[in-house]
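What the coordinates show
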Amino acid sequence: MAGLFQIVRRLVGYMKIQRIFTMHPDKRLVMSLLLVMLSACTALPRNPVPVEDIRQAEIPGMPAVRAWAGQFDPDFQADLELSVQQEVPGTFPLHDDGYPIYHALALSGGGSSGAFGAGILNGWSAAGTRPDFKIVTGISTGALIAPFAFLGPGYDEQLKTVYTTTQTQDILERLNLFRILFQGEAFARTTPLKNLIKTHFDTGFLAAVAAAHNQGRRLYVGTTHMDAQMLVVWNMGVIANSNHPDSLALFRKVILASSSIPAAFPPVFIEVELDGRRYDEMHTDGGTVTQVFFSEGMVDLGTTARAAGRMQRDGYLGTLYVIRNGRLGPEPDQVRRRLPEISGRAISTMIKYAGINDLYRLKVATNTASLGFRYVAIPDDFESQADEMFDPREMTRLYKLGYEKGLDGTAWQDTPPRYQTSW
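Notes on the structure in this doc start here. (Residues numbered from 1 in each chain as written. Predicted model: local features only at pLDDT ≥ 70, side-chain atom pairs only at ≥ 80, totals over all residues. Heavy atoms only, no water.)

Moving on, we get to the overall build of the chain. Within the chain one finds 14 helices and 11 strands. Buried residues in the chain amount to 54% of all 423 residues. (Helix = DSSP H or I, 4+ residues; strand = E, 2+ residues; numbered from the N terminus. Buried < 20%, exposed > 50% of the residue type's maximum accessible area, 1.4 Å probe, protein only.)

Right, here's the structure in full:
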């Protein structure tokens, strides 16, 4: 979601819709009303779950593959406790007293700026200090990175390819004004992104995720359930390990949904079942709710360790590493007195500070869970030189910057900007 305004603005500019804002006021009013009336008359058909039953719907044949963020989930808790029993000796480093040290990775949204996160991971691998993560989570572009990060350095080259060779035409197909008005759910189609996901996440990849899951590691991806206005967290290893004939299709759909910025890209519809009837759920970019996430109240990490008999005391469990695919500092600019610029500036500012607030939230959560906290973000002095939404040259610049930071290892911070430890 960090790149939401830039993407929508470029798409709108491509279609010349911004001319509406330079018309005579009377003509502009008439045109605006016409567009609203036309779009209001073109709602596409769907079969949503009744509002009162939204939380009861399940994925057909694949129970317990997802949870509602902010709500303790017994299935996720049981699965996390099982993960400790599944661990392969030697996977995780040990405390002096013999208990394992668990590290986790949370990957934020950021569109094409995900190239920075890809570089961080690959530079970290080259430095030889990148840990095997117990848990990996991803939102938006972070959802695309997360499966590669979860499987480890052996997938670094694929990750580099995705984030240094991809162009706008590999992500989206622009629609003309007629299609937007009469097939109106987004400014663009994501057929190219679907093909990109299909190319990299195949049956072999799914099997590798299932194998890692069965060795005690967990991969979570977040999407926004638009009807419920809530974040849904998907246990991608359970999906991969389900042996259901639709498991690969669902795996791909979840990643696509988490990457689908509302309005810019169409929502993704996932079939669910309730009382023997089939319905559809509308899912979009998880960044609509949060820019990055970890346990989200779905599980109790301390209880997990103690219940599994691997932790008989309170104390340091490990570290949560957060890769923020964006800048955190203010980006001063002169805003013209025009509706697109003012509204766009407001949206980008809200997204920026929402990202900072997410870091605050994770900092507090890790303190409570006896976890260390480290994060890295794109330096504030980095200036974009992109010529298009997904510019391979710009993404290569970001990748190289991230690679240098990951190799050096000194860019990690332990306190979010302006975070106060006392009042």
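In terms of nonpolar packing, the biggest core is built from 76 residues, with Leu105, Leu107, Leu121, Val136, Tyr163, Trp234 and Met236 touching the most fellow members. Counting residues per element, this core draws most heavily on helix 5 (residues 141-151), which supplies 8 residues. When near neighbours in sequence (up to four residues on either side) are disregarded, Tyr163 contacts Gly111, Ser112, Gly114, Ala115, Ala118, Thr141, Leu144, Ile145, Met395 and Thr396. Membership of the second largest hydrophobic core comes to 29 residues, among which are Ala69, Leu80, Leu320 and Tyr375. (Core = buried A, V, L, I, M, F, W, Y, C linked by side-chain atoms within 4.5 Å. Contact = heavy atoms within 4.5 Å.)

Going through the model one piece at a time under the given rule, you end up with 14 aromatic pairs. Ring geometry for Trp124 and Phe133: centres 5.6 Å apart, planes at 65°, overall edge-to-face. A ring pair is formed by Trp124 and Trp412, whose centres lie 5.0 Å apart and whose planes are at 50°; its orientation type is tilted. Here Trp412 lies in the segment after helix 14 (392-408) and Trp124 lies in helix 4 (residues 114-127), a separation of 288 residues in the sequence. Assessed through its relative accessible area of 10%, Trp412 is described here as buried. Members of the aromatic cluster, each reached through a chain of ring pairs, are Phe148, Tyr155, Phe201, Phe205 and Phe251. Over the face of the ring belonging to Trp68 we find Arg55, whose NZ or CZ atom lies 5.6 Å from the ring centre. (Phe/Tyr/Trp six-rings, centres within 6.5 Å; stacked < 30°, edge-to-face > 60°. Lys NZ or Arg CZ within 6 Å of the ring centre and 35° of its normal.)

Scanning all chains against the criterion turns up 17 salt bridges. With a shortest N-O distance of 2.7 Å, Lys352 and Glu331 are connected by a salt bridge. Of this pair, Lys352 sits in helix 13 (residues 339-368) while Glu331 sits in the loop between strand 10 (318-327) and helix 13, placing them 21 residues apart in sequence. Each of Arg46, Asp227 and Asp280 takes part in one network of salt bridges that share partners. (Salt bridge = Lys/Arg side-chain N within 4 Å of Asp/Glu carboxyl O.)

Attention now moves to the packing of helix 6 (residues 156-165) against helix 14. It is at 7 Å that the axes of helix 6 and helix 14 come closest, and there the two elements cross at 135°. Relative to helix 14, the element helix 6 is oriented oblique. Contacts between helix 6 and helix 14 involve Lys160, Val162, Tyr163, Thr164 and Thr165 from the former and Pro392, Met395, Thr396 and Tyr399 from the latter. Residue composition of the contact of helix 6 with helix 14, by class: 5 nonpolar, 3 polar and 1 charged. (Axes fitted to C-alpha atoms, helices over the stretch in contact; angles between N-to-C directions. Parallel < 35°, antiparallel > 145°, perpendicular 65-115°, else oblique. Nonpolar A, V, L, I, M, F, W, Y, C, P; charged D, E, K, R; others polar.)

Among the 10 residues that make up strand 10, 10 are buried, leaving the element largely enclosed by the rest of the structure. For strand 2 (residues 102-107) and strand 10, the ladder comprises 6 bridges, and the chain directions are parallel. Of the residues in strand 10, the one forming a bridge with His103 is Thr319. Two strands pair when backbone bridges link them, and strand 10 and strand 11 (residues 371-378) are joined in this way by 8 bridges, in the parallel orientation. Following the sheet pairing, Arg324 is matched in strand 11 by Ala377. Taking the sense of rotation as the criterion, the β-α-β connection linking strand 10, helix 13 and strand 11 turns out right-handed. (Pairing = 2+ DSSP bridges. Right-handed = clockwise from strand over helix to strand, strands pointing away.)

What follows deals with helix 3 (residues 74-86). Relative to the 18 Å expected for 13 residues at 1.5 Å per residue, helix 3 spans 18 Å between its end C-alpha atoms, a close match to the ideal helical length. Those residues of helix 3 lying buried are Phe76, Gln77, Asp79, Leu80, Ser83, Val84 and Gln86. The distance from a side-chain oxygen at the start of helix 3 to the backbone nitrogen of Asp75 is 3.0 Å, and the residue carrying that oxygen is Asp73. (Expected span 1.5 Å × (residues − 1). Polar contact = N/O pair within 3.5 Å; in protein donor to acceptor, adjacent residues only side chain to side chain.)

Mapped onto the secondary structure, Thr137 falls in strand 3 (residues 135-139). Of the residues examined, Thr137 reaches a relative accessible area of 0% and is grouped as buried. Apart from residues no more than four positions distant in its own chain, Thr137 is found in contact with Leu105, Ala106, Leu107, Ala146, Tyr220, Phe293 and Phe294.

By the secondary structure assignment, Glu394 is in helix 14. Glu394 gets classed as buried once you look at its relative accessible area, which sits at 6%. Filtering out sequence-adjacent residues up to four positions away, Glu394 remains in contact with Phe382, Glu383, Ser384, Gln385 and Ala386.

We now examine unusual backbone geometry. Glycine aside, negative phi is the norm for most residues, and most peptide bonds take the trans geometry. Positioned with a positive phi, Asn243 is a non-glycine residue whose angle comes to about 60°. Judged by relative accessible area, Asn243 falls into the exposed class, the value being 73%. Phi is positive for Glu296, close to 50°, though the residue is something other than glycine. Counting through the fold element by element, Glu296 comes out in the loop between strand 9 (277-285) and helix 12 (301-307).

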